[in-house]
Amino acid sequence: MQIPEMFSGSGKRFYSVDQYLKEQFGEKVYRISLNGGMTCPNRDGTKGSRGCIFCSRGGSGDFAGDAASSVAQQIEDGKKKLAGKISCRKFIAYFQAYTNTYAPVSYLRPLFTEAIRHPDIVLLSIATRPDCLSEEILDLLSELNRIKPVWIEFGLQTIHPRTAALIRREFSLHCYEEALLQLKKRGIPVITHIILGLPGETRKEMLQTVDSVARSSVQGVKLQLLHVLKGTDLADLYAARPFPLPDLDAYCDLIVDCLERLPPDLVIHRITGDGPRRLLIAPLWSTDKKRVLNTILKRLRERDTWQGKRYETQMGDVKND
């Protein structure tokens, strides 16, 4: 069995978002994280008041812009920060903080339009929840998607109800699946986030979540290592009842297992994470991102494997169950 041609010469053996963006836009594209000034139904009392267990009490979007600034100003500020590190002409406007469709269309339309009309923005990415997509908002997303590409990002994290309750996700798997269906009808790609290492989850359960996403209609996935951060309820749980977290080798082996089970044309947006160093409690080895990535690539070569190698076999096993 040969490595797919789409990975030949890359040395990476998986379909990275960097590769995908270069194919679509002809050059490297960087993401600018924005803050739309919204909150979340899991924080304002609608479904909860403390957010998900791993979210800081101050809110999500640690790398997002300043909500007090206009979208255009946040984009310019983001470009200036990147200018000192890289040379780039094209950017993704990424609404990251909180739930970015948790507002009326009258609020969202000018916000998203300001971002998508910016001449240096080639794509609009919106992090939100599947329970915050009304028919009117879906219509707005379709309208924007005709101007420039629009991505929706969902934090599914797990398919298992017990874990979903523990992390206080506060939406059902059915709700997520229905949102996928509605977005697929409108031709809007979805990137699903999965957290690996959630308290109490076994390797088998994590791979069941990966298999579920592999069988779905999503176009991208973020595989995220669980970070225990200061100022979260997860940190309190970890202090009171420490739960095991994977070491570097175990995590890299797990990532390779996940990649093998995902379809080869699914875009991989993340295989580790970027927890703020000043807040990170565990696992501390994750701060050396370059080492983590290099270890994953080394493990792929050592195992002579690649994204999708076991996908068809896995799908066959599911059909035969």
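To be clear, the structure that these remarks concern was listed above.
Here's what I pulled together on the structure shown here. (Residues numbered from 1 in each chain as written. Predicted model: local features only at pLDDT ≥ 70, side-chain atom pairs only at ≥ 80, totals over all residues. Heavy atoms only, no water.)

Next up on the list: the overall build of the protein chain. Scanning the protein chain for helices and strands turns up 11 helices and nine strands. The C-alpha radius of gyration computed for the protein chain amounts to 19 Å, which stays within 12% of the reference 20 Å derived for 321 residues, consistent with globular compactness. Its C-alpha atoms give the protein chain principal-axis dimensions of about 50 × 50 × 45 Å. Expressed as a percentage of the 321 residues in the protein chain, the buried residues total 55%. Intrachain contacts of the protein chain at a sequence separation of at least 6 include 82% that bridge at least 24 residues. Accessible area for the protein chain stands at about 14,700 Å²; split by element, carbon and sulfur atoms hold 50% of it. Both charge centroids of the protein chain, one from 46 positive and one from 38 negative side chains, sit 3 Å from each other. (Helix = DSSP H or I, 4+ residues; strand = E, 2+ residues; numbered from the N terminus. Rg over C-alpha atoms; globule rule 2.2 N^0.38 Å. Buried < 20%, exposed > 50% of the residue type's maximum accessible area, 1.4 Å probe, protein only. Contact = heavy atoms within 4.5 Å. Areas by Shrake-Rupley, 256 points an atom, 1.4 Å probe, with all protein chains shown as cover. Lys, Arg positive; Asp, Glu negative; His and termini not counted. Charge placed at Lys NZ, Arg CZ, Asp CG, Glu CD.)

In terms of nonpolar packing, the biggest core is built from 68 residues, with Phe112, Leu124, Leu141, Phe154, Leu183, Leu196 and Leu223 touching the most fellow members. With eight residues, the top contributor of residues to this core is helix 9 (residues 248–261). What Phe154 contacts, discounting residues up to four positions off in sequence, is Thr128, Arg129, Pro130, Leu133, Tyr176, Ala179, Leu180, Leu183, Val190, Ile191, Thr192 and His193. In this structure, Ile53, Val228, Ala235 and Leu237 belong to the second largest nonpolar core, which totals 12 residues. (Core = buried A, V, L, I, M, F, W, Y, C linked by side-chain atoms within 4.5 Å.)

Attention now moves to the environment of Gln182. Its place among the elements puts Gln182 in helix 6 (residues 173–185). Relative accessible area serves as the criterion here: at 16%, Gln182 is assigned to the buried category. Along the chain, Gln182 and Val292 lie 110 residues apart, while their C-alpha atoms are 36 Å from each other.

Turning to the pairing of strand 6 (residues 220–225), a few remarks are in order. Counting buried residues along strand 6, six of its six residues qualify, which places the element largely inside the surrounding structure. Burial along strand 6 is two-sided: Gly220, Lys222 and Gln224 facing one way and Val221, Leu223 and Leu225 facing the other are all buried. In this sheet, strand 6 lies alongside strand 5 (residues 190–196) in parallel orientation, the contact comprising six bridges. In the sheet register, Thr192 faces strand 6, and the bridge partner there is Val221. Once you follow strand 5 into helix 7 (residues 203–215) and on to strand 6, the crossover reads as right-handed. Of the pairings in the sheet, the one linking strand 6 to strand 8 (residues 267–270) comprises three bridges and is parallel in character. Among the inter-strand pairings, Lys222 is bridged to a residue of strand 8, identified as Arg270. (Pairing = 2+ DSSP bridges. Right-handed = clockwise from strand over helix to strand, strands pointing away.)

Let us now look at the packing of helix 7 against helix 9. Relative to each other, helix 7 and helix 9 sit at 30 degrees, their axes nearing to 9 Å. Classified by the angle their axes make, helix 7 and helix 9 are roughly parallel. Every pair of crossing elements has a handedness; the one defined by helix 7 and helix 9 is right-handed. Between helix 7, through Arg203, Met206, Leu207, Val210, Asp211 and Ala214, and helix 9, the contact on the second element is made entirely by Leu254, Asp257, Cys258 and Arg261. Taken together, the residues of the contact of helix 7 with helix 9 break down into six nonpolar, no polar and four charged. (Axes fitted to C-alpha atoms, helices over the stretch in contact; angles between N-to-C directions. Parallel < 35°, antiparallel > 145°, perpendicular 65-115°, else oblique. Left-handed = near helix turned anticlockwise from the far one by under 90°. Nonpolar A, V, L, I, M, F, W, Y, C, P; charged D, E, K, R; others polar.)

Moving on to the side chain of Asn35. Positionally, Asn35 belongs in the loop between strand 1 (29–34) and helix 2 (71–83). Within polar-contact distance, the side chain of Asn35 engages the backbone nitrogen of Gly37 at 2.9 Å. Apart from the residues within four sequence positions on either side, Asn35 is in contact with Ala64, Gly65, Asp66, Ala67, Gln74 and Ala97. (Polar contact = N/O pair within 3.5 Å; in protein donor to acceptor, adjacent residues only side chain to side chain.)

Let us now look at unusual backbone geometry. Of note, the amide linkage connecting Ala282 to Pro283 takes the cis form, showing an omega dihedral of -10 degrees. Summarising the element assignment, Pro283 is placed in the loop between strand 9 (280–282) and helix 10 (289–302). Despite not being glycine, Gln157 shows a phi value in the positive range, around 70 degrees. Residue classification places Gln157 among the buried positions, given a relative accessible area of 9%.

Here the focus is helix 9. With 14 residues, helix 9 should cover 20 Å at 1.5 Å per step; its first-to-last C-alpha distance of 20 Å lies within 8% of that length. Those residues of helix 9 that sit buried are Leu248, Tyr251, Cys252, Leu254, Ile255, Val256, Asp257, Cys258, Leu259, Glu260 and Arg261. Between the side-chain oxygen at the start of helix 9 and the backbone nitrogen of Asp249 there is a gap of 3.3 Å, and the oxygen is on Asp247. (Expected span 1.5 Å × (residues − 1).)

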